[in-house]
Amino acid sequence: MAVTDDMVGRVQRRVALLPGNLQGAVWIAMAGLVLTIMTALIKTVGETIPVIQILFLRQMVMTAAMMPGILRDPRRAFATDTPYLHLLRIALSSIAMVAGFTAMVHLPLADAVAISFSRSFFVAIFAILLLHEIVGRHRWTGIFAGFVGVIVITDPTGAQIDRYVLLALFSAGAVALIMVIVRKLAQRERLATVITYQAVGVGLILAVPTFLNWVPPTPGQWILLICIGLLSTMGQSLNFMAFRVGEATALAPVDYLRLIYSTAIGAIFFLEQPTWSTMIGALLVILGTCWGLWHERHGDHD
């Protein structure tokens, strides 16, 4: 453990020497790999274990990881000036995770990850509707490309729209709202507090349905379930660290590395190939996002 902690410390010290946005890019890239591996494990275990049970046990592992800090100083662990933001995030996280990971289990891994990128389109829409942001023609062009991308992803020319694709899109919309909340929390709250509220809150929500639909895991599945919880905690910590030092507009494109990660893992371990409609739709969403972000960073709001 001492060796591992020392290695982590060396990595953090080296990354800390980089400019803020580059620091954030490193953490986002690492978080993407960690969370993609976690998703692959959920897909594996989800063949026999209900998704709600997987997510509940994941939250329990996260809670256990935070427990030393909670027991050491409970008041500090839950101290917050924005309880309503935590409660809203807990509710949205529960919805997003159940819908998103159910889709992940039943869709090809790369397809599911590609669909999740539509959250950038939803973030732009929510910014206009909820935050009343003023949007120029370049941002509208990006939003339109994202809208077309979402339509292509749903593959409306088929006999019927896959319900798991719709679940993935619904999850992406919820995640878009969560991203706005996390951005606000990252500027005002301790990392431990944010993770503690999410771990305990979502766990409480999922407890009853989990025990009503409990499926006894095998010893091997228990190991994978524990790894899922540990990887989730690590991924959230890396994302939080990224948003603390980097700008959201600069970090968003780096997250698209997850598509490369998921395509490779899906092809190697699940013998999957992403569908053309999903890949083309995801490309439109990505191009639309990058177009809007590039003009925003260069001060072109017309």
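Here goes a summary of the coordinates provided. (Residues numbered from 1 in each chain as written. Predicted model: local features only at pLDDT ≥ 70, side-chain atom pairs only at ≥ 80, totals over all residues. Heavy atoms only, no water.)

**Description of the overall build of the protein chain**
- Summing up its helical and strand segments, the protein chain has 14 helices and zero strands in all.
- Secondary structure elements of the protein chain occur, N-terminal to C-terminal, as α-α-α-α-α-α-α-α-α-α-α-α-α-α.
- Across the 302 residues of the protein chain, 49% fall into the buried class.
- Long-range contacts, defined as pairs at least 24 residues apart, comprise 89% of the intrachain contacts of the protein chain with a sequence gap of at least 6.
- Carbon together with sulfur atoms contributes 70% to the accessible area of the protein chain, which is approximately 15200 Å² in total. (Helix = DSSP H or I, 4+ residues; strand = E, 2+ residues; numbered from the N terminus. Buried < 20%, exposed > 50% of the residue type's maximum accessible area, 1.4 Å probe, protein only. Contact = heavy atoms within 4.5 Å. Areas by Shrake-Rupley, 256 points an atom, 1.4 Å probe, with all protein chains shown as cover.)

**Some words on a nonpolar patch on the surface**
- Taken together, F144, F147 and I151 make up a surface patch of nonpolar side chains, about 310 Å² in accessible area.
- Following the sequence through the fold, I151 ends up in helix α8 (residues 137-154). (Patch = residues over 30% accessible without salt bridge, like charges linked within 9 Å, V, L, I, M, F, W, Y side chains within 5 Å. Salt bridge = Lys/Arg side-chain N within 4 Å of Asp/Glu carboxyl O.)

**Here we look at the pattern of salt bridges**
- Per the counting criterion, the structure on display carries three salt bridges.
- Across the salt bridge formed by D255 and R119, the nearest N and O atoms sit 2.1 Å from each other. Of the two residues, D255 is situated in the loop between α12 (248-251) and α13 (257-269) and R119 in helix α7 (residues 119-129); the sequence distance between them amounts to 136 residues. Considered together, D255 and R119 belong to a single accessibility category, that of buried residues.

**Comments concerning unusual backbone geometry**
- Notably, L271 is not glycine yet its phi reads approximately 55 degrees, a positive angle.
- Checked against the element boundaries, L271 lands in the loop between α13 and α14 (276-297).

**Some words on the side chain of E272**
- Considering the arrangement of structural elements, one finds E272 in the loop between α13 and α14.
- Beyond its immediate sequence surroundings of up to four residues, E272 is in contact with K43, L107, P108, L109, A110, G266 and A267.

**Topic: helix α3 (residues 51-72)**
- The terminal C-alpha atoms of α3, which comprises 22 residues, lie 32 Å apart, in line with the 32 Å expected from a rise of 1.5 Å per residue.
- Roughly 50 degrees is the biggest bend found in α3, and it falls at M66, with proline P68 one to four residues downstream. (Expected span 1.5 Å × (residues − 1). Bend = angle between axes of the 7 residues up to and from the residue.)

**Overview of the environment of V254**
- Note on placement: V254 falls in the loop between α12 and α13.
- In sequence terms V254 and W27 are 227 residues apart; their C-alpha atoms lie 9.7 Å from each other.
- Not counting residues up to four positions away in its chain, the partners in contact with V254 are A25, I28 and A29.

**Let's talk about the nonpolar core**
- Counting 67 residues, the largest nonpolar core has M38, I42, I54, F101, L107, I115 and I228 as the members making the most contacts within it.
- Considering each element in turn, this core owes the most residues, 12 residues, to helix α9 (residues 163-188).
- Ranked by size, the runner-up nonpolar core spans six residues in total, among them I70, A77, I195 and A199. (Core = buried A, V, L, I, M, F, W, Y, C linked by side-chain atoms within 4.5 Å.)

**A look at the packing of helix α2 (residues 20-45) against helix α5 (residues 83-106)**
- In contact at an axis separation of 8 Å, α2 and α5 are set at 70 degrees when each is read in the N-to-C sense. Overall, the two elements α2 and α5 adopt an arrangement that is roughly perpendicular. The element α2 and its partner α5 pack so that their crossing is right-handed. Only F101, M104 and V105 of α5 make contact with α2, whose side of the interface consists of M38, T39, I42 and K43.
- Residue composition of the contact of α2 with α5, by class: five nonpolar, one polar and one charged. (Axes fitted to C-alpha atoms, helices over the stretch in contact; angles between N-to-C directions. Parallel < 35°, antiparallel > 145°, perpendicular 65-115°, else oblique. Left-handed = near helix turned anticlockwise from the far one by under 90°. Nonpolar A, V, L, I, M, F, W, Y, C, P; charged D, E, K, R; others polar.)

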